[in-house]
Each structure stands twice: as C-alpha cells, then as structure tokens.
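Summary of the model geometry
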Amino acid sequence: MISATLNKHYKTALMEATGHIGDSPLFLLDYMLRILRVIILMSLWQMILANKGSVDGLTLETVLVYTFLAEVFRQQMECRGSGMETAIWDGSIANRFLRPAGVFSQFVAQMFGRWFFEFLFFSIPLLLLSPLFGVSILPSSPVALGLFVMSLALAIAVGLAIELIFGAMVVLTSTVYILYQIRDAVTTLLSGALLPLAFYPWGLGEVFGWLPFASMASAPLRIYTETGDPGHLILLQVIWAAVLWPIAHVLWRINREKLVSHGG
Amino acid sequence: MKNSSLTAVDAQFKHNLDLMNFEPLNKFNHLLRLWRVQGYLDLMWMTQDWKLFLTYYASDLFLNIAAVTGVLFLAERFDGIGVWTKPQVTFMLGYAMLVRGIMETLFGYNIFSISRRLGRGQLDHTLVQPHPVWMALLTEGFMPFSGSASIIPGLLLLLWSGTVLALDPTISWLFLALLNVAASATILLSFSFIWGSLAFWAPRATEEISSSASGLLRTLMPFPLDGLSFAMLSGLMTFLPVGFLAWYPARALLGLESDAWSELLTPTVAAIFSIIAVWIFKQGLKAYGRTGSQRYLSFGHRR
Amino acid sequence: MEEQAHSAISHSDIVVDLSGVCKTFHQKQRSERIRDIFSNLVRPQVRQVDALKDVTLQIHRGEVVAYAGPNGAGKSTTIKILSSLLTPDSGTVRVLGMDPKLERIRYVNRIGVVFGQRTELWWDQPVAATFEWKRVVWNIPRDRFEKSLEFVKEVLGLHDYFNSLARELSLGQRMRADMGLALLHEPEILFLDEPTIGVDVLAKRNMLDFVKELNRTRGVTIVLTSHDMSELEQLAGRMIMVDRGSIAFDGDFATLRRQFTDRRHLYLETDASTAPVLSSAELVRSDGNRHEFTFDAGVIGISEILEQVSAQTQVIDVETHRVSIDDVIADLYKQWNH
C-alpha cells in the first residue's frame, strides 16, 4: 500500500523532472547563471565586509559559508516549484482531485521532481567546487551536520505549509501573480537567505528571527555556521510547523469547492 | 446590391490602407493612439473594483520597496556601503526603482518577459495586427495606472537623497539624468529580449532561463559594485550589464566618475544592446515564420 | 437540404492562390526511459513531419470553403500560412494578390481570423473594451466602427453581455464575441479555424446562420475548418479534404458522397421475423418483423433489392436513408488509414 502510494508520487516527480529539462540542453544555461549569481554575491560580501572584522559574531568567512549554502539549497529554502499557483490559476487543479492520490502530495511530488535535476546539476557540483569559491563548507562536526539536515527538513516542512496557505489565499483574494510576487519578496526579505538577519538595523533582525519565514532559511544556515543556538532554532521551527500545518489544512478544506471552480 | 456592398467594402479598405501607410507622422499618431487605448484598458482594469485596485497598488508598492530594502538595511547597518555614503546609496536605489518602474509601466503584459509570450505561442496574436511588430511590442505593455506604483517610490527616494546630498540640478544635468534612466531601462529591456528570444528555438526552457537571467539582474542591480575585481566588473559591465542599470549611471550623475563623458557611457551601451537585441529578435522572427509555435498557452497575454 | 451560401457572389476573381506549397516540421523524438535522458538531450532523434505536400488550390471571391481532414492532416498549418503566421518551405502563396508574409500589415487589414481554441478578447476587461481596442489598433474610422459594431451586436446578439468581463462569458458567448471582433474591420476573407468547438447546438446554429448571412449579404469569402461534417455541409458549397498533407478531394458534397460511397440504410417491415437474404446488402439488425440493411446505391439499386425481397417474403413497409455525412467521412478516414 505504502509502496504503491510512493510509486505514484515517484512517477509524478519523474514526469515533472524530465518534462522540465526535456525541451533542450539550454536548461544548463540556467545553472550557469546561478553559479554566476553565487560568484557575484560572494564578491559583494567580500567588498561590503572588507576590513570590518566580526560584525555581531559574523566574520567574513562565516558570511561566505552562509551565503554559499543559501545558494546551494536555495530551492529547498524557498520551497517553490510545486506548480500550485499555475494549477489554481488555470483551473487544472480540478484534474488533481480526479487522481487517486492526495492533492497536496501530488504538488509535493511535483516539487521534488522539479528539485531533482537542479540538485544533481547545480547543488552537488557547487558543493564539490566550494574550494574554488574560497569557502570551506566542511561541517565542524557530524552532530552539526546532523542538526543542519534536521533543520533543513523542518525548513521544508514550514515552507510547504506556507506554500499551501498561499495557495488558499489565491482563492480567497482571486489574485495569483501579485500574491506570489509578494510571497517571493517577503520570503527573500524575511527568511534571511539573501542577507543574514543579524545585519538588519534597528533590531529588526531579532524580530524577524521569530517569524516563520526565518525558519525556512535563517535557522538551518545559522545552525550550520554555528551562529545560533540549535535547540532554540529547531524548537521554533517545530512550533511553526505545528502551528502552520493545521491552519493550512483548515484553509485548504474551506476552499476546496472554490479551488475546483476557480480559474480557467 | 451585392456589387454595391462590395464597392463599399473596397472603399473602406482603401481608406484604412491610406490611414495605415505608415508615413512618419502617421506612425507617430498611430503610436499615440495605441498608447492611449492601452492606457484606457489599464484604467478599466484598475477600476473594476476597489479591492483589486487597492490590493494591486499596495502590493506593487510593497514589492518595489522590498526589492531595495535589503541594500537600504545594509547601508543603514554599516553606515554606507564601501565608498558610498547612505544618501548616495539611497540615490542609487531610487534610480534603480525608477528604472524598474519605467519597465513595469511601459512593458507590462509580458512584453518585458517576452520569453513567455514567445514560448506560449502568443506572438500569433501580435502578428495578426495590422502594424509592425515593434509597434505592438512598444505599446501593448503600456500600464500607466497599474505600473505607476513602481515609479512614485523611486522618484521619492531620488528627491529625498538629492535634497540630503544638496544636489543642485541644472537643466543639462536633468536631461542627462533622464537620458541615463531611459538608457538603463533600454539595457534591461534589451537584455530580456536577448535572452527571451531563445524562446523562438526552445520555448519551455527559455521561460525559466530568461526569468533567471532577468531575476539575476534585478537582484543585483541595487548593489554598489565598487571594489569588485576587474574581471568581475568587466563581466558585469558587458555580458551581464548589471553595472549600467543603476550603479555606474548613479556614479556618473553624482560626479563620482572622473571621466567627463561618463554620463554618456550608459546611453552608448544602451544603443549597442538594443542593436544586438533587435538583431537576435529578428533572427527569431525568421525562425518563427518557418516553424511557428507548436505550443499555446493563454496565460499572461490577454489574461 | 438547406440553401448553400456559396453562390451568393459569383465573382470570378481568385482571392486565394496556393501553388505547390510544401511545409515540413521536425519533431524531436524522446524516449520515456530515465537512462535515455542524456541521449535525449544531446542527440535526440528527429522525425520529419510533412505537414503540407505540394498543395495547390484556388478559392474565388465569395466562396465558402470547408477545409477538412483527420487530425494532423495539415489543416491548421494551411490556415496559419494563409493568415501570415507561417511561411511555406516552397511554393507560392498569394491571397488577395498579396504575399501574406511579406506584406503582412497590409494583408491582415483585409482578413479576419478566428481560432476556436484561442481568444482575442482581453480576459479581465469588458467585451466592449476589447472592441474599442480593436478600433484603435486596426485604425477603423469611428463612423464605420459604429456601423460595424451595431451590425455584429445585433446579428450575433452581443447586447446582453457586451459590458460583461470576458472571463465571465460562456464558451458560446465568447466565440460569438470573438467572431464579432474579427468582423469589425470588415474583412474580405474570414479564416475560421474550428470556430464552433465546444459550442452548444443552438449557439452553433446561430453562428452558422450568421456566417451564411455574412457571405450572402457582404460577399465575404470564408475558409472554415471543422471536424463537424454536417456543419460544414450545411455551410459550405465546396469541400477541400486534406490527408497527410495532400489534397485528397476538392469538390462539392454531392460529388464527395458519390465519389467515395453512396451508402444508404434500408428499413424493411415484412410479414416474417426472419430477415430476407440479399446480395449486395448487409443485414445490420432485426427487431421482430423489422429488418435494417445497409447497401451502396452505386452498386445496387433499390428496385433490384425490393425485387429480391418480394421473391422471399411479403413487404409491408419500406424506408431508406442516406447515411450522414459524418459516417461518409468516417468511412473515408478509415479507408485512408488503411
């Protein structure tokens, strides 16, 4: 039973993965652009933090590792690629209700499928090439690595709940494009993926650190770079996952009828 | 009766063709008419209901502010970035927001993200219109009302930083500032068209690549680039022209560049980029004539 | 049979002239197996699809031409070439004396195109706003626009929802609005690519009546593709059928029936429950004393059949029907497939 369910979702993930790259090898250009982005971001930090020493416990080396990992696991920390907004937008979400599998789990499978090739062609090569970028990404200990993996998994769980909530919001507000633009902007700003929250002025970083968006990126990155208390950060992630999932579930149920009739 | 009906129809076509013979003045008048009708459609859309109007306006405002907030935070936290003081950084961010705002006001409806129109087979809708393709592309994305949310905050940042920096703008400086803003916007658009035109050959992959390329530019454009290595800077001033979207023209306008002609460098680069973009797009159009589009999606075009 | 509209205008000038038109597409073939992902990307197999092979045809002003064929026969490619969207690999295309691709702007001013699967309406705008947009883009003088608008609103019944948002329209309403939009600039030729797809029977009938009327009163040349053969028969005087990129038939519907098959149904009521045995007619079913046969009228006449029946049993009632045009075409497609 479980294996049949997993098999269904594996097939869905595979369809998404191969469909995504099936057009032409040009998709590799996308990854080259991403590598370029990493190089530029690293250079910018070197410029911004030159001769600054340690700022709030963050040295240049720490920030470089932080940024590097944020780029390696960007997809997981942004938690995008489920195609939910498009499905709601064009009404094809109705088809998903007709398949003998959980609706949301189909989106999750699709998202994992989308991640697969990027992980293979971008994340792993980037990790292997880290010495060329002048960063040492080796974890300080196996425990630190284990905590990071755990925190990353929780980050995905929180991200997925937020994805689901935004999906429900699409139906409530009848807007897709704007809403997802806002989601991206808020995530970029508040998750700490682009800029470590510690660099925010007026104590804002401290405040943002308590929000669920920080659980999506800042938490695992701080755990890996040992600039935050793992116990506190993981507990916060667990709390947010426990709070957001039921909310998402309720919203999803309320909106079910609307979801099917929404869109094209 | 039948013949007279045909004659009337023929006369109508002749009249239409006379109007559409695209002499320079007619071209210009037609462009104005097209912008006007697009402005009208935008207004109609924005005023469908107040909820939509406010949601759209507020969220656009928020998005544009969010795009530069990170760098503003850094400038505040470190009391400037590199050699740039806080007000100078603010000036550059205002400039960047204005460029983005112009793009959103003039090239909405996926004209800026042209890869989507091309990759989704929507160019057909443009090709059945009785005017040159460039005319349609120049006017169909005009959103003066819904796009203005991006322009106003940019202008406010420029105004505030200009006051703090005690800028004393002359007419020629204002002209050069406008020229540079237009040039930066042209570079951004050309860059999007260069990458987006790949959709003529690879419709699906290009939508992602082009979105990544433009996204990269938008992410990096608010950052000051001083202090980067020569190789890095060269790349960011040529293949990935981030430097010309805000950083270099802001330096030139603030007098941080020693070269006397620095204000004209961005417009020159804009001319080069637009020539390349037009050439690639034309090659794509030729290919489109041969292969057409085997894919059609309606999103982002009329809806 | 309803009056066919094609004879309304008998001008002899040729408005569409295709000569030796060929169009080939190349489709990459990809294996579905994971292990082939890299070879799919690096060295995909390419299949050549000959969408049009040496197509030559002429259409006269005022004709209503049905352009039909099985899926993938080349219908849409032809319509796309005729509407200036595609260029042929070889051969010449002249429509209204112009090369559609080279003189696109002048050309599209004189044609109207409706793609059943796509809409030209602005989705989040009232229908009226799209019509206003069309007036400006096509540069239609105000007085002419008002007149055209009144005409299409009246005949297509757009009044009721002219100020509704396009996204709120039913499919039939949307199609009528799209049709009206395509006619605003009073095109000389109208290309309709599956214009009634998904539209209910009443809306379909209204639309077909409108197209007929348009041809009759305004002399608009109409080229129409559809898979609904009875719709095409009702509307068009001439049928062009394409099969695998080549023209397989060009003529009227009566000739089409005669040329390929004149299959008919025969219903016999006799005094026996056992069906008579007939040569050249095939028994379909028997229900009590009622027996249904099919036969090809080109092979055996009805009188000959009745003679055979009378020799075996007593005939109480006789009824014959021609098979529908859809059945004729289905037989034809089947024949081509073999």
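The rules behind the values
Residues numbered from 1 in each chain as written. Chains lettered and ligands numbered in written order. Predicted model: local features only at pLDDT ≥ 70, side-chain atom pairs only at ≥ 80, totals over all residues. Heavy atoms only, no water. Helix = DSSP H or I, 4+ residues; strand = E, 2+ residues; numbered from the N terminus. Buried < 20%, exposed > 50% of the residue type's maximum accessible area, 1.4 Å probe, protein only. Contact = heavy atoms within 4.5 Å. Salt bridge = Lys/Arg side-chain N within 4 Å of Asp/Glu carboxyl O. Buried area = accessible area lost by both parts, 1.4 Å probe. Patch = residues over 30% accessible without salt bridge, like charges linked within 9 Å, V, L, I, M, F, W, Y side chains within 5 Å. Areas by Shrake-Rupley, 256 points an atom, 1.4 Å probe, with all protein chains shown as cover. Pairing = 2+ DSSP bridges.

1. Some thoughts on the side chain of A:Thr62
All names here are of chain A. Relative to the helices and strands, Thr62 resides in helix α3 (residues 60-72). With relative accessibility at 15%, the residue Thr62 sits in the buried group. With near-sequence residues (within four places) excluded, Thr62 lies in contact with Thr225 and Thr227.

2. Considering the pattern of salt bridges
All names here are of chain C. Summed over the entire model, instances satisfying the criterion amount to 33 salt bridges over all chains. For the salt bridge of Glu188 with Arg110, the shortest nitrogen-to-oxygen distance reads 2.5 Å. With Glu188 in the loop between α6 (171-183) and β6 (189-193) and Arg110 in the loop between α3 (104-108) and β5 (111-115), the pair connects residues that are 78 residues apart, well separated along the chain. Taken as a pair, Glu188 and Arg110 share a single burial class, namely buried. Between Glu213 and Arg216 there is a salt bridge, with the nearest N and O atoms lying 3.2 Å from each other.

3. Things to note about the interface of chain B and chain A
With 41 residues of chain B at the interface, the matching set in chain A holds 45 residues. Together, B:Phe73, B:Arg77 and B:Phe78 form the three largest contributors to the area buried by chain B at its contact with chain A, with a combined 17%. Applying the counting criterion to the chain B and chain A interface returns zero salt bridges. Here the element with the most residues in the side of chain B that touches chain A is helix α3 (residues 50-77) of chain B; it accounts for 14 residues.

4. Overview of a nonpolar patch on the surface
All names here are of chain A. There is a patch of nonpolar side chains on the surface, built from Phe116, Phe119, Leu120, Ile124 and Leu128 and spanning about 450 Å² of accessible area. Along the polypeptide, Leu120 turns up in helix α7 (residues 103-128). Given a relative accessible area of 40%, Leu120 falls into the partly exposed group.

5. Looking at the pairing of strand β12 (residues 290-296) of chain C
Residues and elements named next belong to chain C. Along β12, five of the seven residues are buried, which leaves the element largely enclosed by surrounding structure. Here strand β10 (residues 263-270) runs beside β12; their pairing, made up of seven bridges, is antiparallel. If you follow Glu269 over to β12, its bridge partner there is Arg290. Sheet topology places strand β11 (residues 281-287) next to β12; six bridges connect them, and they run antiparallel. Each residue of the ladder has a partner; that of Arg285, found in β12, is Glu292. Taken together, β11 and the strand that follows it, β12, pair antiparallel across an intervening segment of two residues, in which Gly288 is found at a positive phi of about 65 degrees.

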